[in-house]
Amino acid sequence: MTKVTVYSRNNCMQCKMTKRFLTEHHVDFIEHNINDDPQYVDYLKDQGFQSLPVIETADTKFSGFRPDQLQKLAI
């Protein structure tokens, strides 16, 4: 199964929706919350992201609640 990493923050509705989607579709993921782990902020900025959530796999990276992209991870 593909390793999925979700970068999130507190009080982020799109982050909550993304994590709920992945959980409901039985996709295991690792979460890095930037409120708890602020060292990831610079990494995400270096990758060109300015908003959360950011979803990262070996093959792809995207931000926001994107059911079309998330569905591909659930297959």
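The paragraphs below set out a description of the structure included in this document. (Residues numbered from 1 in each chain as written. Predicted model: local features only at pLDDT ≥ 70, side-chain atom pairs only at ≥ 80, totals over all residues. Heavy atoms only, no water.)

### Section: the state of the cysteines
Next, step 1: Counted by the stated rule, this structure contains one disulfide.
Next, step 2: Paired by a disulfide, C12 and C15 hold their sulfur atoms 2.4 Å apart. On the sign convention where negative is left-handed, the bridge of C12 and C15, at about 75 degrees about the S-S bond, is right-handed.
Next, step 3: Judged by its relative accessible area of 5%, C12 falls in the buried class. (Disulfide = S-S within 2.5 Å. Buried < 20%, exposed > 50% of the residue type's maximum accessible area, 1.4 Å probe, protein only.)

### Structural notes on helix α1 (residues 13-24)
Note: α-helices contain 3.6 residues per turn, so residues at a spacing of three or four share the same orientation.
Next, step 1: Taking 1.5 Å of rise per residue, 12 residues should cover 16 Å, and α1 covers 16 Å from first to last C-alpha, within 8% of that figure.
Next, step 2: By the burial criterion, the buried members of α1 are C15, T18, F21 and L22. Seen from one end, α1 has its buried residues packed into an arc of 130 degrees, which puts them on one side. In α1, those exposed residues whose orientation departs by more than 90 degrees from the buried face are M13, R20, T23 and E24.
Next, step 3: Remark: H26 follows α1 within two positions and exhibits a positive phi of approximately 60 degrees. (Helix = DSSP H or I, 4+ residues; strand = E, 2+ residues; numbered from the N terminus. Expected span 1.5 Å × (residues − 1). Arc of directions from axis to C-beta.)

### A closer look at the side chain of T57
Next, step 1: In this structure, T57 sits in the loop between β3 (54-56) and β4 (61-63).
Next, step 2: Looking at T57, its side chain comes within polar contact range of the main-chain nitrogen of D59, at 3.2 Å.
Next, step 3: Setting aside its immediate chain neighbours within four residues, T57 contacts T2, K3, V4 and L73. (Polar contact = N/O pair within 3.5 Å; in protein donor to acceptor, adjacent residues only side chain to side chain. Contact = heavy atoms within 4.5 Å.)

### Quick notes on the sheet that holds β3
Next, step 1: One open sheet accounts for four strands, arranged β2-β1-β3-β4; its pairing is mixed. Each edge of the sheet is formed by a strand with only one pairing partner; in this case those strands are β2 (30-33) and β4. Within this sheet the neighbouring strands show an average axis-to-axis angle of 20 degrees, counted without direction.
Next, step 2: Examined bridge by bridge, β3 and β4 share three bridges and lie antiparallel to one another. Its bridge partner lying in β4, E56 is registered against K61.
Next, step 3: Against the sheet, α1 makes contact with β1 (5-8), β2 and β3, and its axis sits at roughly 155 degrees relative to β1, the strand it touches most. (Pairing = 2+ DSSP bridges. Axes fitted to C-alpha atoms, helices over the stretch in contact; angles between N-to-C directions.)

### Let's talk about the pairing of β1
Next, step 1: Both faces of β1 are covered, namely the face carrying T5 and Y7 and the face carrying V6 and S8.
Next, step 2: Bridge count for β1 against β2 is four bridges, and the pairing is parallel. Across the sheet, the residue bridging to Y7 is H32, located in β2.

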